[in-house]
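# Coordinate analysis (summary)
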Amino acid sequence: MSTLAIQSATFLSLSLSLIWILFRSKITSPLTKWPLVGNFASLIFSTLEINDYAAYLLGLSDHTADLKGPLFTGIEFVLTSDPENIHYICGSNASNYYRGEHYKDVFEIWGDGILVAESQWWKFQRRLNHSLVRQSGFMSLVENATNRMLKDGLLPILDRAAELGFWVDMQDLSRRFTLELTCKFLLGIDLDSLSVDLPEVPFSKAIEDMEEAIFYRHLKPLRLWKLQRWLGIGVEGKSTKAKAILDEFVYRQISLKRDKIACKEGKEDEDLDMLSRFMAVREEALSHDQQAHNPNKNTSAKVMSDRFLRDSVVNMLTAGRDTTSVAFAWFFWLVSTHPSIEAKLRQELKEAFHLKEGDKWPYPTYQAMSKLVFLHGALCEALRLYPPVPFNRRTAIGPDTLPSGHRVDKGKEIIISTYTLGRMESVWGSDCLEFKPERWISDKGGIVHVTSNKFNAFSAGANQCLGKELAMLEMKMVAAAVVWNYHFEVVEGHSVDADSSIMYYMKHGLKVHVAKKV
């Protein structure tokens, strides 16, 4: 090793040692911008999970901080959980903010789908997806599929666990359930992943591998993770293989669906699945282009491609599977550790559906679920404390000044910490860290509606989640059936911690013993 290299290494080592001593002795603030490492010095030595660390930083900075990464990384962004900033960025001045120049690179799994699209292409897809979700019979399809998967899939597994006395991972079961349901209304297929032997689903694991890579892309310089992807090493190597597995599955489903439609072998409810409707839109676009001059040929060309179908399916698949399954896991954990809340939920179910202890679950319609105010509050509380997507990002199109007074230059990234927002005392009161469904219930017994700049679990503004109503329906139907039929006890010694991912997964799953109530 050269003398220069030794001197450089010694200097870096001494610098980091000095920073560590000052940080541990609390002489300096975690917001201090250090030479070489920027604001990331305290993150390097912190034992906090990254979302808790973001909440810690924001608590020191009046909920908005201008942060900078190590030298030469190019990492620089504004971190915020300020409700006024969120309303400004996602609402009143949303036209000055977009997803960013490298957003599609980071989230390559989504291709050119609705979760990454911009401008007219995004508007087209949003209108399309909205019309598909609102079509006649679609909600009934989801309701019937949910109840069937409860009866034939999830509940038999929990019954068996209770009878034989073994533990189950409710995060894994929730993920399998939402995957099955999403594949049913999206592709019109059954995966049978909820059979008793719990078979591995390769493309589901592939999604998780890609999400892990996406998370670390937020922490690494662009050139570094792109080099790792090119070399096929680390999480980027796993991500490349995972994308190939996912693409093979989706393109095969597109081919099979096209063959079924051609042969008219589909069942009645399969005509309502979203892939069939995406294909119908494709044919409509093709027919339209064969007629007189079309001013939107670029959009029509995209719609007619198999890539459009692939991207549409993958976007809906990841959105439908991941967010709801994460919400289920944290909800079941919260209920299992708060017996008084569990008792109130069961009492509400008794009164709403005229049940007595020991009665079988009646599988009510989704319209009937709207009367469950306390359940609604409990689900919103779980989403507030443990949002499935803990952060969101935007990029400034032009220079701006946020309501908090922070200057934002053109191209500056802004990270919105949804996780921190849900735990702010200034928004939720001194009991903000408590699981308290009552905060969502008015004095008259109705549901309290909170603005999206304060409750951001479903995003805000024009980008608010299209599937919010669908997700709440699914969560209420599953949560009510499970709470009525079972009580969960977390396995002794099992640690419930958050994982490092773009989704707020539990790192070790949710291992519980199951006791039957019916």
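Reading guide: rules and limits
- Residues numbered from 1 in each chain as written.
- Predicted model: local features only at pLDDT ≥ 70, side-chain atom pairs only at ≥ 80, totals over all residues.
- Heavy atoms only, no water.
- UniProt positions renumbered as here; feature names shortened; annotations may be inferred.
- Core = buried A, V, L, I, M, F, W, Y, C linked by side-chain atoms within 4.5 Å.
- Buried < 20%, exposed > 50% of the residue type's maximum accessible area, 1.4 Å probe, protein only.
- Helix = DSSP H or I, 4+ residues; strand = E, 2+ residues; numbered from the N terminus.
- Domains from an automatic or database assignment.
- Pairing = 2+ DSSP bridges.
- Contact = heavy atoms within 4.5 Å.
- Axes fitted to C-alpha atoms, helices over the stretch in contact; angles between N-to-C directions.
- Phe/Tyr/Trp six-rings, centres within 6.5 Å; stacked < 30°, edge-to-face > 60°.
- Salt bridge = Lys/Arg side-chain N within 4 Å of Asp/Glu carboxyl O.
- Parallel < 35°, antiparallel > 145°, perpendicular 65-115°, else oblique.
- Left-handed = near helix turned anticlockwise from the far one by under 90°.
- Nonpolar A, V, L, I, M, F, W, Y, C, P; charged D, E, K, R; others polar.

In the nomenclature of an unreviewed UniProt entry, the chain corresponds to Cytochrome P450 from the organism Kalanchoe fedtschenkoi. UniProt lists a comment for the chain under the heading Cofactor (unreviewed entry), and it reads "heme".

A separate point is the nonpolar core. Membership of the largest hydrophobic core comes to 134 residues, with the highest contact counts inside it found for L158 and F331. Among the elements that take part in this core, helix α14 (residues 306–336) stands out by supplying 16 residues, more than any other. Split by domain, the residues of this core number at least three in each of domain 1 (29–92 + 389–422) and domain 2 (93–388 + 423–516). V78, I86, Y97 and I414 belong to the second-largest nonpolar core, a separate cluster that totals 14 residues.

A word on the sheet that holds strand β5 (residues 391–396). Spatially, the 5 strands line up as an open sheet ordered β1-β2-β8-β5-β3, and their pairing is mixed. Edge positions in the sheet fall to β1 (64–68) and β3 (97–98), since each has one partner strand and no second. Pairing between β1 and strand β2 (residues 76–80): 5 bridges, direction antiparallel. Bridge pairing in β2 links K68 to E76. Lying on the sheet, helix α4 (residues 83–92) is in contact with β1, β2, β3, β5 and β8 (413–417); it crosses β8 at an angle near 125°.

Another aspect to go through is the packing of aromatic side chains. Enumeration over the complete set of coordinates arrives at 22 aromatic pairs. Arranged with centres 5.4 Å apart and planes meeting at 35°, the rings of W330 and Y504 form a pair that is tilted. With a gap of 174 residues between them, W330 in helix α14 and Y504 in the loop between β9 (486–490) and β10 (511–516) connect regions that are remote in the sequence. Take Y504: its relative accessible area is 3%, and that puts it in the buried class. A centroid spacing of 5.3 Å and a plane angle of 35° characterise the contact between Y419 and Y504, whose relative ring orientation is tilted. One end of the pair, Y419, is in helix α17 (residues 418–421); the other, Y504, is in the loop between β9 and β10, with 85 residues separating them in the sequence.

Those places that UniProt annotates as "binding site: heme" (unreviewed entry) correspond, in this numbering, to C465. If near-sequence neighbours (up to four positions away) are discounted, C465 is found in contact with F458 and S459.

To continue, consider the pattern of salt bridges. Tallied over the full model, the rule gives 31 salt bridges. Where R307 meets D311, a salt bridge forms, and the shortest distance between an N and an O atom there is 2.9 Å. Note that R307 and D311 are positioned in helix α14 at a spacing of 4 residues, about one turn of the helix. A relative accessible area of 4% places D311 in the buried class. The shortest N-O distance in the salt bridge between K356 and D359 comes to 3.9 Å. Residue classification places K356 among the exposed residues on the basis of a relative accessible area of 57%. According to the relative accessible area criterion, D359 is partly exposed, its value standing at 22%. It is possible to trace a salt-bridge network through shared partners that takes in K243, D247, R307, R310 and D311.

As a further point, take the packing of helix α6 (residues 119–133) against α14. In contact at an axis separation of 13 Å, α6 and α14 are set at 65° when each is read in the N-to-C sense. Judged by the inter-axis angle, α6 sits roughly perpendicular to α14. Along this stretch, α6 crosses α14, giving a crossing that reads as right-handed. For the pair α6 and α14, the contacting residues are W121, F124, Q125, L128 and N129 in the first and F308, S312 and M316 in the second. Here the contact of α6 with α14 is composed, by residue class, of 5 nonpolar, 3 polar and no charged.

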